[in-house]
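Structural overview for review
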Protein chains: 2
Amino acid sequence: MNTDIPYKTYLSENELPKAWFNLKPLMPVKPAPLLNPETRQPVTMQELSRIFCEELARQEFDETNEYIPIPQPVYDVYKMFRPSPLVRAYFLEQALGTPAHIYYKFEGNNTSGSHKLNSAVPQAFYAKQQGLTGVTTETGAGQWGTAMAMACAFFKLDCKVFMVKCSYEQKPHRRDVMRTYGASVTPSPSTETAVGRRILEENPGTAGSLGCAISEAVEAAVNTPGYRYVLGSVLSLVMLHQSVIGLETKAALEKLGESPDVIIGCAGGGSNLGGLSGPFVGDVLRGKLKCRFLAVEPVGCPSLTRGKYAYDYCDTGKVCPLAKMYTLGAGYMPAPIHAGGLRYHGMNSMLSQLHEDGILEAIAAPQTKVFEAARTFARTEGILPAPESGHAIYGAIQEALRCKAEGRQENIVFGLSGTGYFDMVSYQRFNDGVMQDFTPADEDIAKSLSKLPRV
Amino acid sequence: MNTDIPYKTYLSENELPKAWFNLKPLMPVKPAPLLNPETRQPVTMQELSRIFCEELARQEFDETNEYIPIPQPVYDVYKMFRPSPLVRAYFLEQALGTPAHIYYKFEGNNTSGSHKLNSAVPQAFYAKQQGLTGVTTETGAGQWGTAMAMACAFFKLDCKVFMVKCSYEQKPHRRDVMRTYGASVTPSPSTETAVGRRILEENPGTAGSLGCAISEAVEAAVNTPGYRYVLGSVLSLVMLHQSVIGLETKAALEKLGESPDVIIGCAGGGSNLGGLSGPFVGDVLRGKLKCRFLAVEPVGCPSLTRGKYAYDYCDTGKVCPLAKMYTLGAGYMPAPIHAGGLRYHGMNSMLSQLHEDGILEAIAAPQTKVFEAARTFARTEGILPAPESGHAIYGAIQEALRCKAEGRQENIVFGLSGTGYFDMVSYQRFNDGVMQDFTPADEDIAKSLSKLPRV
């Protein structure tokens, strides 16, 4: 094996990005503004600050500053788990027999198990800086809740996590990771909030949903003095923090003298794909780079490939602002696929606009093929991927096989956003050969889209 | 925070050790030879090769070569997960208010979750090189089985794992990691082997034990053409492979211009502690370094602190060679502590000799204190440690507090051998406040030691 390029490229600590990258100033068409769900007017800074920390609300609105400095305490904590490695997938290339060079940026080497910690740390820091005593949030699969529990432990903040009830019961291990970091974890819907009590009355046996947990977390934050709510995806501010992924990848590739031909990420709310691709999209928009961008979403929850670009609620409880995005409708119930992190009806508004503008391509992958790709990756590259990340691997393998068929040596870069160590129930179903694919019916999607709010 | 030394030091790939370090040639008193369990005579190369791969048996006997080259294919796979970082625990130091500098070598950033992969890879490679088609092994907590499953996937070997039945049932997730890598996993005792059938007849409801699983794995290897048995701890050959931990640590400390005052590791069979400390012990024996070495074992299984230095069986089934070591007796049933990897009655014979010679100190830690240390570490340094590694953290914190009391700035280096992501049932018991300590009674240990074989 000719390995003139290292297997793993780590930046040194003084090469870490000192500022986050904000793509908005460079976008030819800016994403449409968030709307107040009651007035249908653009949300004001003041309104947003009742729910979110002030500095985070400010970042959400920022369309002018291309770089936003990373505060020193955040930078110090980043050094605990960053830089993450950019890995040349020599063994995967060999197994596929492709002339392509495959690189992946691995964000799973921290206890949260994913890239989520990149945004949890600044969100906890800004809460602390504002003098708050705690934050509330929701978690479904558990990565975001774990990341917030860790970040709050670092900055000595209370952390209250509403965990979707079926996850709470199915994943007691995730719950105890959060508890070990000092977070309190409440199964949602709960009797602790008005919205929770209402839902429990209407559906006594409900297993809960992310939309309900968001509504409970927002209510708890608004009603608890010294608290605010934090959110781990979808928002522009999250994509801003996640730009460290792309900035590090860019610096590492430059060190290697390599340039990407296609950048691939899984897409749920969009924070991982947006974070990896953002700085490269910036270069494309500046005319400095020619590169394709590919979102891989699940066939079971196909917002980019089968949704509509329209204003919609970000949560099913309809307490959060409206965003213009590719959506399946806030009331859409995604198929019970195993990549819980991708079971979201909408998509980050910047990525939605980039898709609308033809800059971001999208494909949908069936989950059994995703798990096949994940297994191939585990057996060749060693790392057992999260089902979410398996979508990016699926996309990378498709591209690598295309390169093989065309005899082209392209540079494929994908985001390995996390590990699958808490997803073994899903792997077990796959190993047992009982995993199913789910393709939504056209009429179900159409029905959901017919209920989009009129703006 | 003054952080003139980086948080994490990674060697570059061309700085990776090219050879393993063998401490035996430097030892003033060599460890006593392994004995054939039937003849009580030193085991011959020929006898050992019936169970183990030839090259591995050769390494087990090697008392002359101080360095043994790492074969290129092993080196290539090492690059998949090595170098591991040497981390300066700034946040832990700050929390303890100690003048000591605390460093830890983190071996958990691979899917096996521990240092075990360092020996699994060469063991699979030598099996393949010898033309074998498969290997058998046993696993209790699951780390070694996972590491072997991964290594066999890389070298395309069959892998048959006998997993202690109670672990098989309590840890279905571990089992499915191994299956995802293509290994077959059999709960032990099973009806597949004579020894398994005998044990099942005698104790129909038995939950199994490591000793039984070893006996089944050895029988299956000896009776399957093209198979050999592999073992993940206790043996000198394992300590040899694990020397990459110490060699990397030494190179990283030299880069930083730092020298260790005390090196700490948890001790079960001894492979992790031996691997980390071996090259430094070598420097001490050569008169080039002044440094203490500290083994931290569980109060519930105290082979170094309360055992006897004598010949004993390595397995309860008494099919493996006898080794001279610190032991609690092969029939000793360790307390049901949560650090499954440390529930072994004996200790590597080299470490045993070093303890006998006063070079290696040892302390025993109660498990509730270990989990407290592990939680402190998680909340300050971010990584959720394995319960086994928690023992090393406990030792490091004790030493750091001693430095604080004495006002001394010493360099403390400990091995963070693995992560606790598959140990959440244990953390849950700790979080719920229902974890107990177990201190063995003197008479139980004396009774077990009275049954040591006469040699």
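These lines cover the structure that appears in this document, whether it is placed above or below. Being a predicted model, the structure only gives us computed values, none of them experimental.

Here is what the cut-offs are and how they apply
For every chain, the first residue of the written sequence is number 1, and numbering continues from 1 along that sequence. A letter from A marks each chain and a number from 1 marks each ligand, given out in the order of writing. This being a predicted model, a pLDDT of at least 70 is required before a residue's local features are given, and a value of 80 or more before pairs of side-chain atoms are given or counted; all residues contribute to the totals for chains, interfaces and linings. To get the side-chain values, take all heavy atoms of the structure and skip hydrogens and water. One speaks of a salt bridge when a side-chain nitrogen belonging to Lys or Arg is within 4 Å of a carboxyl oxygen belonging to Asp or Glu. Secondary structure elements are defined from DSSP: runs of H or I of at least 4 residues count as helices, runs of E of at least 2 residues count as strands, and each element is numbered from the N terminus. Relative accessibility thresholds used throughout: buried, under 20% of the residue-type maximum; exposed, over 50%; partly exposed, between the two (1.4 Å probe, protein chains only). Contacts described as polar in this section are N or O atom pairs within 3.5 Å, which, within protein, must combine one atom able to donate a hydrogen with one able to accept it, while residues neighboring in sequence count only if both atoms come from side chains. Any pair of residues with heavy atoms lying within 4.5 Å of one another is described as a contacting pair. When two rings of Phe, Tyr or Trp (its six-membered ring) have centres within 6.5 Å they constitute a pair, described as stacked for plane angles under 30 degrees, edge-to-face for angles over 60, and tilted for the intermediate range. Charges are assigned to positions over rings by a cutoff of 6 Å between ring centre and Lys NZ or Arg CZ, combined with an angular limit of 35 degrees from the ring normal. Any two strands are treated as partners once DSSP identifies two or more bridges connecting them. Between N-to-C directions, angles span 0 to 180 degrees; the directions come from axes that are lines fitted to C-alpha atoms, helices contributing only their stretch in contact. To line up the copies, we fit them by least squares on C-alpha atoms, keeping just the residues with pLDDT of at least 70 in both.

Quick look at the pattern of salt bridges
- For the structure shown, the criterion picks out 48 salt bridges over all chains.
- In this structure, the salt-bridge partner of B:R402 is B:E399, at a minimum N-O distance of 2.7 Å. Placement of the pair is B:R402 and B:E399 together in helix α16 (residues 387–406), with a separation of three residues, close to one helical turn.
- Classification of B:R402 as partly exposed rests on a relative accessible area of 22%.
- A single network of salt bridges, built from pairs that share partners, joins A:R292, A:E361, A:E399, A:R402, A:E406, A:R408 and A:E410.

Concerning the side chain of A:S389
Residues and elements named next belong to chain A.
- One can find S389 in helix α16 (residues 387–406).
- In this structure S389 comes out as buried when scored by relative accessible area, which is 0%.
- Of the polar contacts made by the side chain of S389, one reaches the backbone nitrogen of G418; its length is 2.9 Å.
- Apart from the residues within four sequence positions on either side, S389 is in contact with C266, L416, S417 and G418.

As for the packing of aromatic side chains
- All told, the structure shown has 30 aromatic pairs over all chains when counted by the stated rule.
- The interplanar angle of 50° and the centroid separation of 6.3 Å between the aromatic rings of A:Y421 and B:F422 together place this pair among those described as tilted. Of this pair, A:Y421 sits in the loop between β15 (411–416) and α17 (424–431) while B:F422 sits in the loop between β15 (411–416) and α17 (424–431), on two different chains.
- A cation over a ring is seen here: A:R175 above A:Y168, with NZ or CZ 4.1 Å from the ring centre.

Here we look at the sheet that holds strand β6 (residues 134–139) of chain B
All names here are of chain B.
- With respect to topology, four strands assemble into an open sheet ordered β8-β7-β6-β9, the strand pairing being parallel. Edge positions in the sheet fall to β8 (184–188) and β9 (227–229), since each has one partner strand and no second. Each neighbouring strand pair of the sheet contributes to a mean axis angle of 25°, computed without reference to strand direction.
- Relative to strand β7 (residues 158–164), β6 runs parallel, the two sharing six bridges. Bridging from a neighbouring strand, T139 pairs with M163 of β7.
- Seen against the sheet, helix α10 (residues 210–223) touches β6, β7, β8 and β9 and runs at an angle of roughly 170° to β6.

Things to note about the relation of the copies chain B and chain A
- Turning chain B through 180° and shifting it by 0.0 Å along the axis lays it on chain A, with an RMSD of 0.0 Å. Those values place the two copies in the arrangement expected of a two-fold rotation axis. The position closest to the rotation axis in chain B is occupied by the C-alpha of B:N109, lying 3.1 Å away.
- The share of interface residues of chain B whose copies in chain A are also at the interface is 100%, consistent with both copies meeting through the same surface.

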